[in-house]
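# Inside the fold
One-letter residues, chain by chain:
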2 protein chains.
Amino acid sequence: MIENKDQNKTDLTQMGEFGLIEHLTQFLKPQLESTIVGIGDDAAVLDHSGQKTVVSTDLLVEGVHFDLAYMPLKHLGYKSVIVNLSDIYAMNARATQVTVSIAVSNRFPLEALEEFYAGVAMAAKIYKVDVVGGDTTSSTKGMLISVTALGVAQEEKLCYRNGAKPNDLLVVSGDLGGAYLGYQVLNREKEVFKVNPQNQPDLDPYSYIVERQLKPEARKDIVDILEKLEVKPTAMIDISDGLSSEILHLCKQSGVGCNLFEDKIPLDPTVISTCEEFKLDSTMVALSGGEDYELLFTIAQEDYPKIKGNPNLTVVGHIAEQAEGAHLISRNNAKIPLTAQGWNSFAKA
Amino acid sequence: MIENKDQNKTDLTQMGEFGLIEHLTQFLKPQLESTIVGIGDDAAVLDHSGQKTVVSTDLLVEGVHFDLAYMPLKHLGYKSVIVNLSDIYAMNARATQVTVSIAVSNRFPLEALEEFYAGVAMAAKIYKVDVVGGDTTSSTKGMLISVTALGVAQEEKLCYRNGAKPNDLLVVSGDLGGAYLGYQVLNREKEVFKVNPQNQPDLDPYSYIVERQLKPEARKDIVDILEKLEVKPTAMIDISDGLSSEILHLCKQSGVGCNLFEDKIPLDPTVISTCEEFKLDSTMVALSGGEDYELLFTIAQEDYPKIKGNPNLTVVGHIAEQAEGAHLISRNNAKIPLTAQGWNSFAKA
């Protein structure tokens with residue numbers, strides 16, 4: 001009864017490009033004063049008078065950045081926006097507008113795009129950003145998403161990657177490794193499903209890490225907390241590729257080294273138990289896992305009392321002179337050079 | 001000797017993502033005062049203080065929007081930027097920054113990306129915009145390009161699509177139909193090449209229209225000309241989808257009708273001769289062809305003396321009441337309803 005199933009689906013070719021855009025964007029009305037004109041003209045018009053504008057962009061490709069086998073389209077729409085907002089917050093700026101473009105092959109019915117846009121709209125509502133433009137087009141294969149986010153900040157608030165100084169403290173928000181482990185769990189269930197499609201996976205024990213993978217949040221709240229605490233980070237970056245890789249970016253651009261303490265890396269209990277189950281080293285997962293979208297930043301020593309005891313923030317190490325290099329100080333006090341892949345496992349042995 | 005041929009090509013997998021981005025963007029240094037920070041941090045930082053920011057974005061997919069069989073990568077890089085700048089100029093704004101993202105499959109060597117970025121850099125230099133961000137990633141198939149352009153304008157200069165009034169004059173820049181015919185010529189040569197790869201096409205007689213297709217220009221100069229002439233269009237749009245479709249957008253959003261005069265549509269002699277060769281109606285080609293990236297705008301009657309005689313601008317009709325509808329007035333004075341596909345050919349018969 002394939003025909004019956006298809007009756008509920010709307011073929012994109014019936015819509016026409018302009019009808020499709022109008023339909024999908026009807027609920028994406030501007031909510032900010034800085035959005036003068038949103039979707040519907042050659043370009044959107046924004047008013048960020050007196051503040052600096054920040055811009056960030058990401059391109060996401062099906063089969064490379066996401067797998068529709070376990071990524072619901074609504075979550076994908078949400079996550080596509082979040083990953084860009086995270087870059088804006090990593091500048092210590094406030095996100096204001098996004099543009100969202102998608103290309104899909106004709107195997108996607110209208111309802112699939114509606115799901116995707118529902119996720120986009122939810123992220124826009126929760127993070128208080130306006131969707132002010134985009135492009136909807138066809139692809140020869142699969143789904144592609146391009147998101148550009150804009151934000152604003154007073155010049156003196158902006159945090160770059162190059163401001164870390166020796167003796168600054170290295171701080172991370174939240175906990176690490178969850179998104180990567182969530183991916184491992186989902187991937188295992190996908191393999192089980194391939195063998196036995198009747199099998200209903202029990203994801204309850206993994207709900208925290210699965211959510212970290214499927215519906216990550218960007219740390220808008222950290223920008224607010226830092227302002228309230230009157231702390232301006234000396235350098236900041238978001239953790240999209242794993243702690244190790246981001247620390248190395250920050251050290252390289254600041255011209256410094258660092259010591260990261262293994263026993264300080266914040267891990268959720270689910271991350272620890274799932275690492276045991278999968279026989280993975282939890283430190284390795286936190287260092288290399290990626291997609292956590294937490295913030296990594298450095299602060300002057302004198303600001304430590306301000307952040308001390310804040311449940312959202314963990315001091316994981318300190319900045320050193322460049323000549324000292326970037327190291328992980330292991331639980332047994334070994335000094336292991338950090339590499340973009342986590343650490344050099346040969347050096348550890 | 002396939003091996004020898006490959007020795008000169010650099011495999012992308014050798015580069016690593018960060019090395020690749022650094023390599024490709026090394027010549028894209030900021031040239032504008034408004035670009036505070038370009039590529040290299042979580043986001044770019046821009047200063048458009050006191051002016052409105054305008055934003056536009058496009059997603060281009062290989063096999064849908066371009067064909068690498070006859071589109072050299074350098075031209076593709078150039079065109080990808082141009083099509084977005086055109087949207088900024090259509091707001092009567094000045095383009096300032098772009099972000100350029102690409103996804104490519106591993107069949108593309110580094111040298112291909114270098115060619116693409118050389119085209120991007122050329123467009124940035126000629127149009128005086130800064131490339132301030134982007135994303136370089138892999139795709140499972142083919143090449144995808146996403147460009148977002150930003151610009152600025154004083155609020156009172158901005159031209160929207162919804163300001164056209166009855167009796168306003170309908171004006172186009174340059175001439176129309178060339179890009180579509182250039183595509184027809186290139187497509188014909190591609191088919192010839194498939195049958196006989198030894199055949200060397202003689203594109204000399206078609207150089208104008210082939211260039212219109214492969215290396216279009218955005219009408220930055222029109223924004224300057226209008227300022228110098230002290231003319232502010234009542235409405236403006238760029239001609240990316242063909243004159244007819246753009247007129248209908250403008251009429252719909254302004255709540256007006258119009259009369260477009262067939263004998264006023266500006267056509268290059270090469271367009272006329274090539275239409276004869278391909279047995280195409282030149283009016284149909286101008287109305288539906290697309291990709292010319294000229295500007296379509298309306299001006300108040302009283303501004304006519306200011307633009308009269310300007311070789312860049314042609315009055316092609318006038319705005320009417322909405323109830324009158326949107327029509328083409330043919331050479332033999334027939335009144336034919338305009339449709340998004342050019343005109344309704346059944347109605348004409």
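All chains use their own residue numbering, which begins from 1 and follows the written sequence. Lettering for chains starts from A, numbering for ligands starts from 1, and both go in the order in which the items are written. Selection of residues for local features in this predicted model requires a pLDDT of at least 70, selection of side-chain atom pairs for listing and counting requires 80 or more, and totals for whole chains, interfaces and linings are taken over all residues. The side-chain quantities take in all heavy atoms of the structure and omit both hydrogens and water.

## Here we look at unusual backbone geometry
All names here are of chain B. Positive phi, normally seen in glycine, also occurs at glutamate 230, with a value near 55°. Strands are runs of DSSP state E lasting at least two residues, helices are runs of H or I lasting at least four, and both sets are numbered from the N terminus onward. Looking at the secondary structure, you find glutamate 230 in the loop between α7 (220-228) and β9 (235-239). Whether a residue is buried, partly exposed or exposed follows from its accessible area with a 1.4 Å probe, protein chains only, as a fraction of its type maximum: under 20%, in between, or over 50%, in that order. According to the relative accessible area criterion, glutamate 230 is exposed, its value standing at 64%. Here tyrosine 293, not a glycine, exhibits a phi torsion of approximately 55°, which is positive. By secondary structure assignment, the location of tyrosine 293 is in the loop between α10 (282-288) and β11 (294-299).

## Quick word on the UniProt feature "binding site: ATP" (unreviewed entry) in chain A
Residue and element names in this part refer to chain A. UniProt positions are given in the numbering used here, feature names are shortened, and annotations may be inferred rather than shown by experiment. UniProt feature "binding site: ATP" (unreviewed entry): in the numbering of this structure it lies at Tyr117, Gly134, Asp135, Arg161 and Ser240. Spanning 124 residues, the named residues are also spread out in space, since their farthest C-alpha pair is 32.5 Å apart. As for its placement among the helices and strands, aspartate 135 is situated in the loop between β5 (130-133) and β6 (136-138). Overall, the relative accessible area of 10% leaves aspartate 135 in the buried class. Counting through the fold element by element, serine 240 comes out in the loop between β9 (235-239) and α8 (243-254). We classify serine 240 as partly exposed; its relative accessible area is 22%. Excluding residues within four positions of it along the chain, serine 240 makes contact with Glu246, Gly290, Glu291 and Tyr293. Every residue pair with non-hydrogen atoms within 4.5 Å of one another is taken to be in contact.

## A few points about the environment of alanine 235 of chain A
Residues and elements named next belong to chain A. Within the element layout of this structure, alanine 235 appears in strand β9. Measuring from C-alpha to C-alpha, the distance between alanine 235 and leucine 296 comes to 8.5 Å, with 61 residues separating the pair along the chain. Once you skip the residues sitting within four places of it in the chain, alanine 235 turns out to touch Tyr160, Arg161, Gly163, Ala164, Leu250, Ser254, Leu296, Phe297 and Thr298.

## Remarks on the environment of valine 131 of chain A
Residues and elements named next belong to chain A. Tracing the backbone through its elements, the reader meets valine 131 in strand β5. Here the alpha-carbon distance between valine 131 and serine 207, two residues 76 residues apart in the chain, equals 30 Å. Among residues more than four places away in sequence, those in contact with valine 131 are Leu28, Ile39, Val98, Val100, Val120 and Ala124.

## A closer look at the relation of the copies chain A and chain B
When chain A is fitted to chain B, the residual RMSD is 0.0 Å, and the transformation amounts to a turn of 180° plus an axial shift of 0.0 Å. Those values place the two copies in the arrangement expected of a two-fold rotation axis. Among all residues of chain A, the one whose C-alpha sits closest to the rotation axis is serine 49 of chain A, at a distance of 2.4 Å. Most of the interface of chain A is mirrored in chain B, where 100% of its interface residues are also at the interface. The least-squares superposition of copies is restricted to C-alpha atoms, and to residues with a pLDDT of at least 70 in both copies.

## Observations regarding the UniProt feature "binding site: Mg(2+) 1" (unreviewed entry) in chain A
Here the UniProt-annotated "binding site: Mg(2+) 1" (unreviewed entry) positions come out as Thr57, Asp58 and Asp135 of chain A. In terms of the greatest pairwise C-alpha distance, the residues named above, spread along 79 residues, form a tight cluster of at most 14.3 Å across. Within the secondary structure, threonine 57 of chain A is located in strand β3 (residues 52-61). What threonine 57 of chain A contacts, discounting residues up to four positions off in sequence, is Asn84, Ser146, Val147 and Thr148 of chain A together with Thr99, Ser101, Gly133, Gly134 and Asp135 of chain B. Structurally, aspartate 58 of chain A can be placed in strand β3. Apart from residues no more than four positions distant in its own chain, aspartate 58 of chain A is found in contact with Val83, Asn84, Asp87, Ile145, Ser146 and Val147 of chain A together with Asp135 of chain B. Think of a polar contact as two N or O atoms within 3.5 Å of one another; within protein, one of them needs to be a possible hydrogen donor and the other a possible acceptor, and neighboring residues in sequence only count if both atoms come from side chains. A distance of 3.4 Å separates the side chain of aspartate 58 of chain A from the side chain of asparagine 84 of chain A, its partner in a polar contact.

## Topic: the packing of aromatic side chains
Ring pairs (aromatic) are described by centroid distance and by the angle formed between their planes. To pair, rings of Phe, Tyr and Trp, with the six-membered ring standing in for Trp, must have centres within 6.5 Å; the planes then decide the type, stacked if under 30 degrees apart, edge-to-face if over 60, and tilted in the middle. Under the criterion given, the structure shown has 6 aromatic pairs over all chains. Judged by centre distance (5.7 Å) and plane angle (80°), the rings of phenylalanine 116 of chain B and tyrosine 117 of chain B are edge-to-face. Across from the ring centre of tyrosine 78 of chain A, 4.4 Å away, lies the NZ or CZ of lysine 215 of chain A, which sits over that ring. Only lysine NZ and arginine CZ atoms are considered, and such an atom sits over a ring when it is within 6 Å of the ring centre and within 35 degrees of the ring normal.

## Details of the interface of chain A and chain B
The interface of chain A with chain B comprises 58 residues on the first partner and 58 residues on the second. When the two sides are added together, the surface that chain A and chain B hide from each other amounts to roughly 4500 Å², 54% of it contributed by carbon and sulfur. When two parts are brought into contact, each loses some accessible area as probed by a 1.4 Å sphere; the total of that loss over both is the buried area. When the area that chain A buries against chain B is broken down by residue, the three leading residues are Asp42, Val55 and Leu59 of chain A, summing to 16%. Between Lys or Arg on one side and Asp or Glu on the other, a salt bridge is scored when a side-chain nitrogen of the former is within 4 Å of a carboxyl oxygen of the latter. Where chain A packs against chain B, one counts 6 salt bridges. In this structure, the salt-bridge partner of arginine 161 of chain B is aspartate 41 of chain A, at a minimum N-O distance of 3.6 Å. Where chain A touches chain B, the interface holds 20 residue pairs in polar contact (both at pLDDT 80 or more). Among the elements that line the side of chain A that touches chain B, the one with the most residues is β3 of chain A, at 9 residues. Class assignment of the residues belonging to the side of chain A that touches chain B gives a composition of 23 nonpolar, 21 polar and 14 charged. Residues were grouped as follows: Ala, Val, Leu, Ile, Met, Phe, Trp, Tyr, Cys and Pro as nonpolar; Asp, Glu, Lys and Arg as charged; and all remaining residues, including Gly, as polar.

## Some words on the domain arrangement of chain A
Residues and elements named next belong to chain A. Segmenting chain A into domains produces domain 1 (2-157) and domain 2 (169-348). Of the residues lining the interface, 25 residues belong to domain 1; the matching set on domain 2 comes to 24 residues. Note on domain 1 versus domain 2: buried area summed over both sides is about 2200 Å², and carbon and sulfur give 55% of it. For the interface between domain 1 and domain 2, the tally reads 5 salt bridges. Here lysine 79 makes a salt bridge to glutamate 291, at a shortest N to O gap of 3.0 Å. These domain limits were set by an automatic method or by a database of domain assignments.

## Looking at the packing of helix α5 (residues 178-195) of chain A against helix α6 (residues 207-214) of chain A
Residues and elements named next belong to chain A. Angles here are taken between N-to-C directions and fall from 0 to 180 degrees, while the axes themselves are lines fitted to C-alpha atoms, restricted in helices to the stretch in contact. The geometry of α5 relative to α6 is characterised by a closest axis approach of 7 Å and an angle of 100° between their N-to-C directions. Put simply, α5 runs roughly perpendicular to α6. Here Gly178, Ala179, Tyr180, Leu181, Gly182, Tyr183, Val185 and Leu186 of α5 lie close against α6, whose contacting residues are Ile209, Val210, Arg212, Gln213 and Leu214. Across the contact of α5 with α6, the residue classes break down as 9 nonpolar, 3 polar and 1 charged. In these notes the angle categories are as follows: under 35 degrees is roughly parallel, over 145 is roughly antiparallel, 65 to 115 is roughly perpendicular, and the rest is oblique.

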